[in-house]
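Fold and geometry: a report
Listed here are the chains, written in short residue letters.
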Amino acid sequence: MGNTQVQDFPPVRQEERKELRLTRKVTPKEYQQHVNGEDIPGMLKEFPWALVDSISLFERLDTSFNSISRIPPEIPLRLPHLSHLNISHNHLFTLPESFSLLFHLKTLLMNHNSLQQLPESFVNLVKLERLDLSHNSLVKLPENMGEMESLRKLNVCDNKLTSLPLSFGKSHKISVLIALTNGCVQSPPQSVCQEGSEATLCYLRKQCKNGYIPKPINHGNVFRRARGDVLQSTVANPHSARAQYVQEQTQTTNTKNRIRTPLRPPLKATSLEADELMDKIVGLVYGAAIGDALGLATMNMTRDECNFYYDEESLNYADIITDKHRLHWVKGDWTTAFDQMALVLDSILQWAGVVDELDFAKRLHHWGHHGYPELGDTGGNMEFSNTIAKVLSSEKFCSDPHGVAQALWDRSYDYHDPESCDHLADNGAVVRTAVLGIPQFYDSKEVINNTLRICKASHYDPRCRATCIVISILISLMLQNQQTIHDTASLECLISQALTCGRQQLSQPAHLEQFDSYCSVPDFKSLYKLEPNRPSYTLRPMAAALIALKSGISYRDVITELVMLGADSCSNASVAGAILGCKCGYKRLPSAWVDSLPKQQTDWLDSKINLLLDMMGIP
């Protein structure tokens, strides 16, 4: 590969990292030949195979004074510890998008090349402190380049720039900016640039002060990703996350990593990029938590009471009234609905991705008596669903939850009376089930099996099983992303697949009729009017989630409308919130509702989400 003096490099142990020099001294005559683009014997034209085909632990690389015209996109993954790169005096015309994956890079010297532009992702080099881009052919720089987190020294002289990004003027880091460019720069004026770095920065700062700085783009909520020891490096931006995710998926020889990431999906399990998959998973969890927390505001209220106490245009946690029902919770805290989803998540994390009904039953039993003490919850005032209260009272529940739940149902079931088990078809199982669409999301059969294990741990009624499967399959299909949820026909197909899986649990004609009736409800107001004497029926949250998906309206509007209808608002808004949170992602959830959740709760929840993302190998 090219003409190189260094074909192979000896293996380097981690403690022996050092500089690799692939440069040479040139005579004045050779230097002029090099500037003129003439080939000089002994100069590299490409990166050597040894660098491109194996992982090296060098921290410094010097390839200056060569004839390299291309940086291979594999380099960031082959030199993961690179902090100093000198590739000046070469013939580079462009940089690969993957260049931003050099997230340990602190010094970058690319002067005397033929660069015409920088990729937009270049600004994601968050540790870059010193950058030399002088003597190139750049016509512009990324507008948000001044927002680079660590950039202190920049040289862009002798390019074809007509202006400098105003974002340099609001940077508190940049102390040296050399921008003399042969009379081309108009802003700042060339006369300002000639006065030096201090004058140039002063001019840009005044422009910002006078209001000429472009407004920053709001990229939405940012999840606080805290990676465990599963991943070997800190990922600082989405582009890095995407590349590292692919690397983790294809890392079949690292047994230790495979053990630590038991939920890592195989290649082509989803068409989502790593950061998009993370956004949907976090959106699911937070969407359910927010829906439950806001739903508490109107739990057990009539529509008139909801309208009397609350203004739907400014619905927030702080306005939740204090009464006999609501005084047990801190404003902004979620209730027993989301608590149960957290129990399922805890069990998945504890058992390395395995879904086990016995472990869940023990957690449910302990929670039923003690709550979550770490969140100030003692469990003494919790309101269980009718079915959960009954199964928890059995001495055999922790050792045989499926048997206890089925025995409870068998004692009430009468084939000739469709309503004989209605009191056992409450929504206590469906509120916890959305998270079960995440493990093995690419395998629908496994998702269904996992869902049935957890559902039947307390609820044996086939209607409960059907609704739980619909919710978990909807989540799994959205994570697979094989069908666009923004196209009406594709969305209907996705929903149809989930409903088909759910219907297979039903055999009694009356149950099938009820299922189809709730699946076809057109809007939330119609849902409220349908069987108003059964506010906690398991089909209601499922119907709310389907309406939310089909409606195309925003997360805020969906949750607001469900909350303002009262009744069992916690369960309906939590399940619909999980589905819609997965659809729109964490970034697009209402920031005011995300930021106003109690910090103790969000810190606790973030730690669990981070462990789940670690298990999935998501950077």
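Residues numbered from 1 in each chain as written. Predicted model: local features only at pLDDT ≥ 70, side-chain atom pairs only at ≥ 80, totals over all residues. Heavy atoms only, no water.

1. Re the overall build of the chain
Of the regular secondary structure elements, the chain holds 23 helices and 7 strands. Buried residues in the chain amount to 56% of all 619 residues. A fraction of 63% describes how many contacts in the chain between residues 6 or more apart in sequence connect residues 24 or more apart. Summed over all atoms, the accessible surface of the chain reaches about 27,000 Å², with 49% contributed by carbon and sulfur. (Helix = DSSP H or I, 4+ residues; strand = E, 2+ residues; numbered from the N terminus. Buried < 20%, exposed > 50% of the residue type's maximum accessible area, 1.4 Å probe, protein only. Contact = heavy atoms within 4.5 Å. Areas by Shrake-Rupley, 256 points an atom, 1.4 Å probe, with all protein chains shown as cover.)

2. Examining the packing of helix H15 (residues 462–480) against helix H19 (residues 539–551)
Packing of H15 against H19 leaves a shortest axis separation of 9 Å and a crossing angle of 30°. It follows that H15 is roughly parallel to H19 by the angle criterion. You can see that H15 and H19 cross each other, and the crossing is left-handed. In contact with Thr467, Val470, Ile471, Leu474 and Met478 of H15, H19 contributes Leu539, Met542, Ala545, Leu546 and Leu549. When its residues are assigned to classes, the contact of H15 with H19 shows 9 nonpolar, 1 polar and no charged. (Axes fitted to C-alpha atoms, helices over the stretch in contact; angles between N-to-C directions. Parallel < 35°, antiparallel > 145°, perpendicular 65-115°, else oblique. Left-handed = near helix turned anticlockwise from the far one by under 90°. Nonpolar A, V, L, I, M, F, W, Y, C, P; charged D, E, K, R; others polar.)

3. Some details on the packing of aromatic side chains
The final tally for this structure, using the stated rule, is 14 aromatic pairs. Plain terms: the ring middles of tryptophan 409 and tyrosine 413 are 4.3 Å apart, the flat faces sit at 20° to each other, and that makes the pair stacked. Residue tyrosine 413 is classed as partly exposed on the basis of its relative accessible area of 32%. Aromatic pair phenylalanine 441 and tyrosine 442: ring centres 5.5 Å apart, planes at 80°, arrangement edge-to-face. For phenylalanine 441, a relative accessible area of 0% translates into the label buried. These aromatic residues form a ring-pair network of at least three members: Trp334, Phe338, Tyr372 and Trp604. If you follow arginine 534 out to its NZ or CZ, it ends over the ring of tyrosine 537, 3.8 Å from the centre. (Phe/Tyr/Trp six-rings, centres within 6.5 Å; stacked < 30°, edge-to-face > 60°. Lys NZ or Arg CZ within 6 Å of the ring centre and 35° of its normal.)

4. Considering the sheet that holds strand S2 (residues 60–62)
Read across the open sheet, the 7 strands follow the order S1-S2-S3-S4-S5-S6-S7; overall the sheet is parallel. A strand with exactly one partner marks an edge of an open sheet, and here the two such strands are strand S1 (19–21) and strand S7 (176–178). When strand polarity is set aside, the average angle formed by the axes of neighbouring strands in this sheet is 5°. (Pairing = 2+ DSSP bridges.)

5. Digging into the side chain of glutamine 340
Here glutamine 340 shows up in helix H10 (residues 336–350). Excluding anything up to four places from it in sequence, glutamine 340 contacts Phe360, Leu364, Trp367, Ile388, Gly428, Val431 and Arg432.

6. Considering unusual backbone geometry
Phi is positive for lysine 268, close to 65°, though the residue is something other than glycine. In this fold, lysine 268 is placed in the loop between helix H7 (255–260) and helix H8 (274–295). Residues other than glycine seldom take positive phi values, yet glutamine 440 does so here, at roughly 50°. Residue placement: glutamine 440 occurs in the loop between helix H13 (401–412) and helix H14 (444–455).

7. Some points on helix H23 (residues 599–615)
Look at H23: 24 Å from first C-alpha to last across 17 residues, which is about the 24 Å you get at 1.5 Å a residue. H23 sits mainly inside the fold: 12 of its 17 residues count as buried. Residues of H23 that are buried: Gln601, Thr602, Trp604, Leu605, Asp606, Lys608, Ile609, Asn610, Leu612, Leu613, Asp614 and Met615. Where H23 ends, the next residue or the one after it, glycine 617, has phi of about 70°, a positive value. (Expected span 1.5 Å × (residues − 1).)

8. Things to note about the pattern of salt bridges
One pass over the full model with this rule turns up 17 salt bridges. Arginine 225 is paired through a salt bridge with aspartate 614; the nearest N and O atoms lie 2.8 Å apart. Here arginine 225, found in the loop between helix H5 (197–209) and helix H6 (238–250), pairs with aspartate 614, found in helix H23; they are 389 residues apart in sequence, far enough to count as distant. We classify aspartate 614 as buried; its relative accessible area is 5%. Between arginine 534 and aspartate 422 there is a salt bridge; the shortest N-O distance is 3.2 Å. Taken together, the positions of arginine 534 in the loop between helix H18 (524–529) and H19 and aspartate 422 in the loop between H13 and H14 put the pair 112 residues apart, joining distant regions of the chain. Assessed through its relative accessible area of 18%, aspartate 422 is described here as buried. (Salt bridge = Lys/Arg side-chain N within 4 Å of Asp/Glu carboxyl O.)

9. Concerning the nonpolar core
Ile281, Leu284, Tyr286, Ile290, Leu474, Phe515 and Leu605 are the most contacted members of the largest nonpolar core, which has 132 residues in total. The contact partners of isoleucine 281, leaving out residues within four places of it in the chain, are Ile438, Leu479, Leu612, Leu613, Met616 and Ile618. (Core = buried A, V, L, I, M, F, W, Y, C linked by side-chain atoms within 4.5 Å.)

10. Quick word on the packing of helix H16 (residues 488–503) against helix H17 (residues 509–519)
At a minimum axis distance of 11 Å, the contact between H16 and H17 shows a crossing angle of 160°. Looking at the two axes, H16 sits roughly antiparallel to H17. Judged by the sense of rotation from one axis to the other, the crossing of H16 with H17 is right-handed. Here H16 contributes Leu499, Gly502 and Arg503 to the contact with H17, which in turn contributes Leu512, Phe515, Asp516 and Cys519.

11. Some details on the side chain of threonine 451
Examined against the element boundaries, threonine 451 turns out to sit in helix H14. Look at threonine 451 and you get buried, because its relative accessible area is 1%. A polar contact is formed between the side chain of threonine 451 and the backbone oxygen of valine 447, at a distance of 2.7 Å. Residues contacting threonine 451, with those up to four places away along its chain left out, are Thr433, Leu436, Cys468, Ile469 and Ser472. (Polar contact = N/O pair within 3.5 Å; in protein donor to acceptor, adjacent residues only side chain to side chain.)

12. A word on H15
Helix length check: H15 (19 residues) gives 27 Å between terminal C-alpha atoms against 27 Å at 1.5 Å per residue, within 8%. Once H15 ends, the next one or two residues include asparagine 481, with phi positive near 60°.

13. Remarks on the environment of serine 385
Residue position: serine 385 is located in the loop between helix H11 (357–370) and helix H12 (386–392). Accessibility expressed as a relative area gives 15% for serine 385, which makes it buried. It is 9.6 Å that separates the C-alpha atoms of serine 385 and alanine 337, two residues lying 48 residues apart in sequence. With residues up to four places along the chain from it excluded, the contact list for serine 385 reads Asp426, Gly428 and His459. Of the polar contacts made by the side chain of serine 385, one reaches the side chain of aspartate 426; its length is 3.2 Å.

14. Observations regarding the environment of glutamate 305
By the secondary structure assignment, glutamate 305 is in helix H9 (residues 303–309). Judged by relative accessible area, glutamate 305 falls into the partly exposed class, the value being 35%. Here the side chain of glutamate 305 touches threonine 302 through a polar contact of 2.9 Å, landing on its backbone nitrogen.

15. A few points about the confidence of the model for the chain
Overall, the predicted model of the chain reaches an average pLDDT of 86, with 89% of residues at or above 70. When the criterion is pLDDT under 50, residues 1–16 qualifies, and its contacts beyond four places in sequence or with other chains add up to 28 contacts. A low-confidence stretch, residues 211–217 (pLDDT under 50), is modelled with 9 contacts involving residues beyond four sequence positions or located in other chains. (pLDDT = per-residue confidence, 0-100.)

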